[in-house]
Amino acid sequence: MQNKRCKNGFSLIEILIAILLVGLAVASLLAANSALTRANGAGTNLSSAEFLLGEIRELTALLSVIDPETGVATFGPEGGETLATYDDLDDFDTAVFSPPINADRAALNDSAAFSQQITVENVSASDFEQVVGDHTSDFVRVTVRVFLNGQEISSASWLRARY
Ligand SMILES: [Ca+2]
Ligand SMILES: [Ca+2]
């Protein structure tokens, strides 16, 4: 009787174990797939953030460190200046762009979940980590932070010299 059953097929227990194993395999495949999807999403957001940092870097690369007309008289936008006419680095201090902007100063409405926050600070000539008073040194540090739905996801800083 026992031999005959082994030859002709599987017992109920064997079938149940097989179903259980297949179920476990499917469940772990699904879990791996959703982790991969999440990782992909995070990677895409990080790429977007890097792009938005690069746009600000490009936008400010050729700007004068101090205002071409009034020099160090004002730290920040000189009277009447707007984003379209910002012509020196400190005009961008404390600027927040939401939606973010590109290197041509155009709003990127397709990326409205992101925002760029810019800080411009003078740093000591002997220690670039040391922030000093506005316009009291020849070195300026530009910091851009990129936020996604209010959460900071990337940032970058670079230095510019006045002369
Ligand atoms: Ca200016
Ligand atoms: Ca200015």
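Residues numbered from 1 in each chain as written. Chains lettered and ligands numbered in written order. Predicted model: local features only at pLDDT ≥ 70, side-chain atom pairs only at ≥ 80, totals over all residues.

**Q** What exactly am I supposed to notice about the environment of S126 here?
**A** By secondary structure assignment, the location of S126 is in the loop between β2 (114-123) and β3 (131-132). Spatially, the C-alpha atom of S126 lies 9.9 Å from that of F139, the residues being 13 residues apart in sequence. (Helix = DSSP H or I, 4+ residues; strand = E, 2+ residues; numbered from the N terminus.)

**Q** I'm lost on the environment of N102 in this one. Help?
**A** On the secondary structure map, N102 appears in the loop between β1 (96-97) and β2. Residue N102 is classed as partly exposed on the basis of its 17 C-beta neighbours within 10 Å. Between the C-alpha atoms of N102 and A156, which are 54 residues apart in sequence, the distance is 16 Å. Apart from residues lying up to four places away in sequence, N102 is in contact with E55 and L108. (Buried ≥ 20, exposed ≤ 12 C-beta atoms within 10 Å, placed from the backbone. Contact = placed C-beta atoms within 7 Å.)

**Q** Any chance you could explain the nonpolar core here in plain terms?
**A** Soluble, globular proteins show a tendency: their nonpolar side chains are buried together. Counting residues in hydrophobic clusters, the biggest one holds 16 residues, and the most contacted among them are L53, L89 and V146. Looking at this core, the elements with two or more residues in it are α2 (12-61), β2 and β4 (139-148). At five residues, the largest contribution of residues to this core is made by β4. (Core = buried A, V, L, I, M, F, W, Y, C linked by C-beta atoms within 7 Å.)

**Q** Explanation requested: the pairing of strand β5 (residues 151-161) in the structure shown.
**A** Remember that side chains alternate between the two faces of the sheet whenever the strand is regular. Examined bridge by bridge, β4 and β5 share ten bridges and lie antiparallel to one another. Residue pairing for β5: V140 is matched across the bridge by R160. The loop that links β4 with its antiparallel partner β5 comprises two residues; one of these, N149, has a positive phi angle of about 50°. (Pairing = 2+ DSSP bridges.)

**Q** Help me out: how do you make sense of unusual backbone geometry in this one?
**A** If a residue is not glycine, its phi is most likely negative; likewise, a peptide bond is most likely trans. Across the junction of S98 and P99, the peptide omega takes the value 5°, indicating a cis bond. Residue placement: P99 occurs in the loop between β1 and β2. Residues other than glycine seldom take positive phi values, yet R105 does so here, at roughly 70°. You can see R105 is positioned in the loop between β1 and β2. For R105, a count of 14 C-beta atoms within 10 Å gives the class partly exposed. The phi dihedral of H135 falls on the positive side, at around 65°, and the residue is not glycine. By the secondary structure assignment, H135 is in the loop between β3 and β4.

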